[in-house]
Amino acid sequence: MLDPSKIKQGDEVFVIYRNPHVPTVANIKAAEIVAHPKDPGALALFLNETFHVIENDDALFASEDAAKQAYDNVYSQDEPEQYFS
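*Asks:* What exactly am I supposed to notice about the overall build of the protein chain here?
*Replies:* Scanning the protein chain for helices and strands turns up one helix and four strands. Going residue by residue from the N terminus, the α and β elements of the protein chain occur as β-β-β-β-α. Within the protein chain, the proportion of its 85 residues that are buried is 29%. Within the protein chain, residue pairs in contact and separated by at least 24 positions form 42% of the contacts whose partners lie at least 6 positions apart. Roughly 5,800 Å² of accessible area belongs to the protein chain as shown, and the carbon and sulfur atoms make up 47% of that amount.

Rendered as structure tokens:
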């Protein structure tokens, strides 16, 4: 897992994104670290065409495989691959 304080603009990260409309569905999504549009000097996560504030407890991963391993460790689904795109 990446330390949010050590990421920089332009980094590609991977996150486990839960669908807010279907809580049983989660996907591994690539996101980009970008300049925050309303807070000069701050960074944001650009995911699904939306800016997200980066929190210290956000789980950001350097690779899709690392995110999948974390998902498997936390959720231990019988068939976890069904949730990934």
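*Asks:* Please clarify how the packing of aromatic side chains should be interpreted in this entry.
*Replies:* By convention here, two paired aromatic rings are described through the distance between centres and the angle between planes. If you walk through the whole model with that rule in mind, you get one aromatic pair. Ring centres 4.8 Å apart and planes at 50 degrees place the aromatic pair Phe46 and Phe51 in the tilted group.

*Asks:* What's the story with the layout of surface pockets in this structure? I'm lost.
*Replies:* Over the atoms a probe the size of a water molecule is rolled, and this reveals where empty space is left. When its volume is computed, the largest pocket comes out at roughly 280 Å³. Val15, Ile16, Tyr17, Asp58 and Ala59 are, among the 15 residues lining the largest pocket, the residues nearest its centre. Of all elements in the fold, only β1 (12-18), β3 (43-47) and α1 (64-75) reach the threshold of two or more residues within the lining of the largest pocket. Among the residues forming the lining of the largest pocket, the class breakdown is twelve nonpolar, one polar and two charged.

*Asks:* Where do I start with the sheet that holds β1 in this structure?
*Replies:* By definition, the strands of a sheet pair up through backbone hydrogen bonds, in either a parallel or an antiparallel sense. Read from one edge of the open sheet, four strands run β1-β2-β3-β4, paired in antiparallel fashion. Each edge of the sheet is formed by a strand with only one pairing partner; in this case those strands are β1 and β4 (50-53). On average, adjacent strands in this sheet sit at an angle of 45 degrees to one another, irrespective of strand direction. Pairing geometry for β1 and strand β2 (residues 26-35), over seven bridges, is antiparallel. In the strand pairing of β2, Phe14 is matched with Ala30. In the packing of α1 onto the sheet, the strands contacted are β1 and β2, and the crossing angle to β1 comes to about 30 degrees.

Quick notes on the rules
- Residues numbered from 1 in each chain as written.
- Predicted model: local features only at pLDDT ≥ 70, side-chain atom pairs only at ≥ 80, totals over all residues.
- Heavy atoms only, no water.
- Helix = DSSP H or I, 4+ residues; strand = E, 2+ residues; numbered from the N terminus.
- Buried < 20%, exposed > 50% of the residue type's maximum accessible area, 1.4 Å probe, protein only.
- Contact = heavy atoms within 4.5 Å.
- Areas by Shrake-Rupley, 256 points an atom, 1.4 Å probe, with all protein chains shown as cover.
- Phe/Tyr/Trp six-rings, centres within 6.5 Å; stacked < 30°, edge-to-face > 60°.
- 1 Å grid on protein atoms, 1.4 Å probe; cavity = no way out; pocket = protein on both sides within 12 Å on 5 of 7 lines; lining within 4 Å.
- Points joined across faces, edges and corners; volume = space filled by probe spheres on them.
- Nonpolar A, V, L, I, M, F, W, Y, C, P; charged D, E, K, R; others polar.
- Pairing = 2+ DSSP bridges.
- Axes fitted to C-alpha atoms, helices over the stretch in contact; angles between N-to-C directions.

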